[in-house]
Amino acid sequence: IDERYHDTIVDEHYYKGDDWFYSNGERYAAGKVRGAQGNTYDRSKPTRVFVGEFANNRTNNAFASTLAEAAYWTSLERNSDMVVMAAYAPLFCKKGFNKWNSNLIWFDNLRSMKSCSWYVQRLYTQYQGTNALKLTDMEGVNITGAEGQNGLFASSVYDAEKNQVYIKIINVSDEAQPVKVNFEGLKKKEVLKGVEAVSYHSDDLDADNTLDEPTKIVPQTSPLNFEGKALEVTVAPKTFMVYVLQK
């Protein structure tokens, strides 16, 4: 493709389970090999990626698998210079007529409901920003749930239109994790101010929304009381957090 079709967007599809989504946080890193020809995700070449279909299709949109999708999304967001588009699939399915285990929106003859996966996609869309920001651990390593990162996945973006910073942190471990985010590059007297914190969590990891309880598991928003150059928070176990800060 790189040699014969310039300015090409490659359409990638994958339906995998929790372990795959947790272990592929660096899939689109610049040096990663793709395809049989040994090409890499080289930013100097025009080829880019459209993840045209993807889903965690092992557990019928259970929150546990949705959490894995949220963790994987940090990689897509961090590498948005390479991954120019991404689409969850399938989109709609009628209850009792499914051929796939995971679908974004379920319906019957009279009702519809948004799955846990839908809310993850919604949060990444609502807080997508305009520019990806570098967010690493103290060793300068991307936060991809790697060894020593305590089950944390994270990415950050800046929204130039709203002059806001969005930080997404997913804690997939069984314990609450303290996190400190230092904001480098601010001017001497410049600080960030908290706007809101959005939490997505379920005590029952096997649960999903249902047609009878369509809003059983939905994100919760609360004010974020913060002002400064270093945000210190504690992320609850099995939780997807979005922190919104104003410049």
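Values in this document were obtained by computation on a predicted structure and should not be read as measured data. (Residues numbered from 1 in each chain as written. Predicted model: local features only at pLDDT ≥ 70, side-chain atom pairs only at ≥ 80, totals over all residues. Heavy atoms only, no water.)

(A) View of the pairing of strand β12 (residues 177–182). Of the two faces of β12, the one holding Gln177, Val179 and Val181 is buried and the one holding Pro178, Lys180 and Asn182 is not buried anywhere. Where β12 lies against strand β16 (residues 230–235), 6 bridges are found, and the strand directions are antiparallel. Note that in β16 the partner of valine 181 across the bridge is leucine 231. (Buried < 20%, exposed > 50% of the residue type's maximum accessible area, 1.4 Å probe, protein only. Helix = DSSP H or I, 4+ residues; strand = E, 2+ residues; numbered from the N terminus. Pairing = 2+ DSSP bridges.)

(B) Just unusual backbone geometry, in detail. With omega at -5°, the peptide bond leading from alanine 89 into proline 90 counts as cis. With a phi angle near 55°, asparagine 150 is a residue other than glycine that sits in the positive phi range. Among the secondary structure elements, asparagine 150 is positioned in the loop between β9 (131–133) and β10 (152–159). Its identity is not glycine, yet lysine 238 carries a phi of approximately 50°, on the positive side.

(C) Local environment of the environment of glycine 52. For glycine 52, the location among the structural elements is in strand β4 (residues 48–56). Separated by 40 residues in sequence, glycine 52 and glutamate 12 place their C-alpha atoms 5.8 Å apart. In contact with glycine 52, not counting residues within four places along its chain, are Asp11, Glu12, His13 and Ala87. (Contact = heavy atoms within 4.5 Å.)

(D) Layout of the pairing of strand β13 (residues 192–201). Sheet topology places β13 next to strand β15 (residues 227–228); 2 bridges connect them, and they run antiparallel. Residue pairing across strands places leucine 192 opposite glycine 228, the latter belonging to β15. The pairing of β13 with strand β17 (residues 239–246) spans 8 bridges and is classified as antiparallel. When the bridges of β17 are listed, tyrosine 200 appears paired with phenylalanine 240.

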